[in-house]
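Descriptive structure summary
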Amino acid sequence: MEFDSGNSWKLLQDNDGKKTLKITNASLENTGIYRCISKYVVRKTFVLEIDAVTYEWPPPKVISVIPNENVIHVNNHLTINCSVSSKSPLKILWFKECWTTMCEIDFAIYKIEIGQDYNCLCLINDNSNNSTYNWENLYISKLHIFNARIWDGGTYVCSALSSNGKDYKNVTITVEELKIQNSKVGRKSYLILLFIPMVLILLYVTSYLCCTKQKKNHDDSKNLNHLLSPTHVIPRK
C-alpha cells in the first residue's frame with residue numbers, strides 16, 4: 001500500500017501470494033511511503049525516494065564544412081559536406097545568404113554573423129538535395145546542387161540545432177562560366193590535330209613519288225647499259 005497525498009492509503013497490489021512489488025518507469029510521482037500488509041498485519045514500512053537526475057549535454061559542434069570545390073563551372077555538380085559532433089539529438093539546417101528582398105530568416109534569429117553588413121538567410125529545405133547520416137555522436141549532412149548555375153554561387157551556412165544549443169559554419173562557393181581562353185585553346189588544339197594528319201599524308205605522297213622516280217631512273221639506266229653491252233644482239237628483220 002502507498003500513502004498518497006490525500007492522507008489515505010492506496011492499494012497497489014492484492015494479496016495474491018506475491019511478496020515483491022515492482023515499479024516500472026519510476027517517476028517523481030512514485031515518491032512516498034509504502035507498507036507491506038499480510039493477513040491484516042503491517043509487515044514492513046519504508047520510504048521510497050526518486051532522484052530526478054537531469055543531464056546537460058554540451059551544445060553541438062560543427063566540425064567542418066567542406067565543398068568538393070570552392071570554384072566550379074556552370075553545369076558542374078556541387079557537394080558540400082557538413083560534419084557535426086553532438087551527444088544529443090539534433091537537426092541540421094542548410095541556409096544560403098540571399099538578398100534582403102528574398103529574406104526568409106534573419107541571421108539575428110540564430111545569432112549568425114557573416115561580416116559586418118546586414119545579412120539575410122534563405123532556407124534550403126528541399127530534402128531531395130540534402131541527406132544526413134549519423135554514427136554514434138558524429139553527424140554528416142551532404143548538400144547537393146546539380147547542374148550549377150551562376151546564381152548558385154554565394155555563401156552557404158550549415159547550422160546544427162539541438163535543445164542544448166546551436167552552432168554553425170559557412171563556406172563561400174563561386175560558379176563561373178567557361179573562360180574564352182579555353183575556347184581559343186580548344187580551337188588551336190583542333191587545328192593542330194587536323195594539321196598533323198595532313199602533314200603525314202603529304203610526307204607519304206612525297207616519299208612515294210621519290211621512290212617511284214628513283215625506280216624509274218634505275219630501270220632506264222639498266223636498260224641503257226644492256227643495250228650498250230657487247231653481248232647485246234640486235235635482232236634482224
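Heads up: these notes are all about the structure in this document. (Residues numbered from 1 in each chain as written. Predicted model: local features only at pLDDT ≥ 70, side-chain atom pairs only at ≥ 80, totals over all residues. Heavy atoms only, no water.)

1. Section: the packing of aromatic side chains
Per the counting criterion, the structure on display carries 0 aromatic pairs. The ring of Tyr156 has Lys96 lying over it, and the distance from NZ or CZ to the ring centre is 5.6 Å. (Phe/Tyr/Trp six-rings, centres within 6.5 Å; stacked < 30°, edge-to-face > 60°. Lys NZ or Arg CZ within 6 Å of the ring centre and 35° of its normal.)

2. Section: the state of the cysteines
Counting across every chain of the model gives 1 disulfide. Here Cys82 pairs with Cys158 through a disulfide, and the sulfurs are 1.9 Å apart. The disulfide joining Cys82 to Cys158 has a torsion of about -85 degrees about its S-S bond and is therefore left-handed. Pair noted here: Cys82 is in strand 7 (residues 78–85) and Cys158 is in strand 13 (residues 154–162), with a separation of 76 residues, a long-range link. For the pair Cys82 and Cys158, one class covers both residues: buried. (Disulfide = S-S within 2.5 Å. Helix = DSSP H or I, 4+ residues; strand = E, 2+ residues; numbered from the N terminus. Buried < 20%, exposed > 50% of the residue type's maximum accessible area, 1.4 Å probe, protein only.)

3. A short note on the nonpolar core
Residues Val65, Ile80, Cys82, Val84, Ile92, Trp94 and Tyr156 are the most contacted members of the largest nonpolar core, which totals 21 residues. Sorting the residues of this core by element identifies strand 5 (61–67), strand 7, strand 8 (91–98), strand 12 (138–145), strand 13 and strand 14 (165–176) as the ones contributing at least two each. Among the elements that take part in this core, strand 7 stands out by supplying 4 residues, more than any other. Counting residues in each nonpolar core, the second largest holds 5 residues, with Leu93, Leu121, Val157 and Leu161 among its members. (Core = buried A, V, L, I, M, F, W, Y, C linked by side-chain atoms within 4.5 Å.)

Everything listed here is a matter of coordinates, which is why it stays silent on function.
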